[in-house]
Amino acid sequence: MKKYSLAARLSLMLSATVMAIFALIGLALYHSLAIQIGLRDDGALLTRIDQIRTLLRDEDAITLIQQKPRLFANMLGNTESLLVLRFPGQPPLIAVNPGRRPLPVITPVAADQPLTLSSVHHFASDDGTPFIAASALTPTRDGSGQIEIVTGRLMNNRTQTLHGYRNQIILATSLAALLVAAISVWLVRRGLSPLRRLTTEANAIDVRHLSRRMPDQAQAELQPLIAAFNQMLGRLEGGYQQLSQVAADMAHELRTPIGTLIGQTEVALSQTRSLSDYQALLGSNYEELERLARMIDNMLFLARAEDASQSIAIQRIDLAQPGEKLQSYFDNMAEEKAMRLEIRLDGELSADPLLVQRALANLIANALSYGERNTTIHVYSKAQPHAIELVVENNGPVLSAEYQSRIFDRFWRADTSRHQGSSGLGLSIVRSIMRLHQGSCEVNSEHGVNRFTLRFPANAANAVVDVSPGHSGKNSERAKSPASAASGS
């Protein structure tokens, strides 16, 4: 199907609208003119009968008819008229009928009754031309009786006048439509010129110029479109910059372990080594390969998490069960760090249990890596009016505002010299998990306490007991299966 341009469609619609309006106006005028001409002709016919009535009352009717028959023919004035004078039921005294038309059968108006427009009868000839007729009685002066006056007229002139007027209306409407079409094309093209300028501006935006924006000095009707387009450009620019940054960060992160593997292997191959040296090399290489595998797994998870079509297995979670698993898994690690882990999760939550456990595990691993020794890591649940919060608190250095704004970014680490084994993806995974749950995550650092909060939107299915430090809650039945940790940071 052929697609017409916006300018063509607007021009056609405007032309069709104007043509329809002109046609309706012409039709109304034509109808009004036809009514007025009809009334005029009917009135003229009645006037003729009145004149003949007056003449026959004032003169000797029989003598006048016999001596001056042409007088009545002259009163008609054209060959389209008809006049018959007769005594009722008798042959005509005079018949003026140039067109030899059949005499209409109509009831005459009584002599003492006035003539009105309703006295005129309307017929149609064989060719469809209108024919009007009227009949009336009038007394004679000599008292010989009443004479019936029958008169009529074929409306050829009226028909020709109306046909000419109709043709003029059609011609004027057609010319007006063509004129409006030509003018509307120019007006529409002129009116759509801002769209062509916006098209030019949009064509100038490419990967190298994503920072450009559409000009907002346009008509009010285009402002919402321009605003939405600029917002889309902003999202594209941010996504492209993030993608470029992720690619650069990945290259940087992969370069170190790969460089280490290549360097150690080159040194080992430079000369013959003992079996223990080769075993040490393989062990070191294995650790680096494990780090690469974890990084790749985490990147794949992040890619899947950012897929809009990704679905998660939402179900009712007894928070005590993942709490017990995490407690069992991280207790030994906490002891090695000279730290204590206290997990007090209670109530129920509607979420993906594996993803919730993974998010909490990453936060606990982060707290163990950066928390101060001889302190306690608190993990607890907290109910809010419109959200359910899972909180991980640890004592450690206060994070600056810049660190807090970037801590969930990929590959970002507050202290790279302190933890070389970290990939910097753990907290990014936490943020992605919360986005999958339509929730949010945040960090607050003050007075030597770093608090990470996972905020799940509250609904009718979510109910949790506040068991934060200083509050008590009744624990549900604990799961008996051993804990399995999600990936760390």
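Calculation notes
Residues numbered from 1 in each chain as written. Predicted model: local features only at pLDDT ≥ 70, side-chain atom pairs only at ≥ 80, totals over all residues. Heavy atoms only, no water. Phe/Tyr/Trp six-rings, centres within 6.5 Å; stacked < 30°, edge-to-face > 60°. Helix = DSSP H or I, 4+ residues; strand = E, 2+ residues; numbered from the N terminus. Buried < 20%, exposed > 50% of the residue type's maximum accessible area, 1.4 Å probe, protein only. Pairing = 2+ DSSP bridges. Axes fitted to C-alpha atoms, helices over the stretch in contact; angles between N-to-C directions. Contact = heavy atoms within 4.5 Å. pLDDT = per-residue confidence, 0-100. Core = buried A, V, L, I, M, F, W, Y, C linked by side-chain atoms within 4.5 Å.

### A few points about the packing of aromatic side chains
All told, the structure shown has two aromatic pairs when counted by the stated rule. Between Tyr329 and Phe330, the ring centres sit 5.0 Å apart and the planes meet at 85°, which makes this aromatic pair edge-to-face. Judged by centre distance (6.2 Å) and plane angle (85°), the rings of Phe408 and Phe452 are edge-to-face. Of this pair, Phe408 sits in the loop between α10 (401-406) and α11 (426-436) while Phe452 sits in strand β12 (residues 449-457), placing them 44 residues apart in sequence. Residue Phe408 shares its accessibility class with Phe452, and that shared class is buried.

### Quick look at the sheet that holds strand β9 (residues 376-383)
Judged by pairing direction, the sheet is mixed, and its five strands sit side by side in the order β7-β9-β10-β12-β11 without closing on themselves. With one partner strand each, in any of the chains shown, β7 (340-344) and β11 (440-446) form the two edges of the open sheet. Each strand axis lies, on average, 15° off the axis of its neighbour in the sheet, ignoring direction. Relative to β12, strand β10 (residues 387-395) is paired through nine bridges, and the arrangement is antiparallel. Looking across to β12, one finds that Val391 is bridged to Thr453. Contacts from helix α9 (residues 353-370) reach β7, β9, β10 and β12 within the one sheet, and its direction differs from that of β10 by about 20°. Most of the contacts of α11 go to β12, to which it runs at about 25°, and overall it touches β11 and β12.

### Here's the deal with the confidence of the model for the protein chain
Predicted confidence across the protein chain gives a mean pLDDT of 79, with 82% of residues reaching 70 or more. Across residues 416-420 the pLDDT falls below 50, and counting only partners more than four positions away or on other chains, this stretch makes seven contacts in the model. In the predicted structure, residues 460-489 sits below a pLDDT of 50 and forms 88 contacts with residues beyond four places in sequence or in another chain.

### Some details on the nonpolar core
In terms of nonpolar packing, the biggest core is built from 45 residues, with Leu360, Val379, Leu390 and Leu454 touching the most fellow members. Top element by residues in this core is α9. It accounts for 10 residues. Discounting chain neighbours no more than four positions away, the residues touching Val379 are Leu341, Glu342, Ile343, Arg344, Leu345, Leu360, Ile364, Val391 and Val392. In this structure, Ile49, Val109, Ala134 and Ala136 belong to the second largest nonpolar core, which totals 10 residues.

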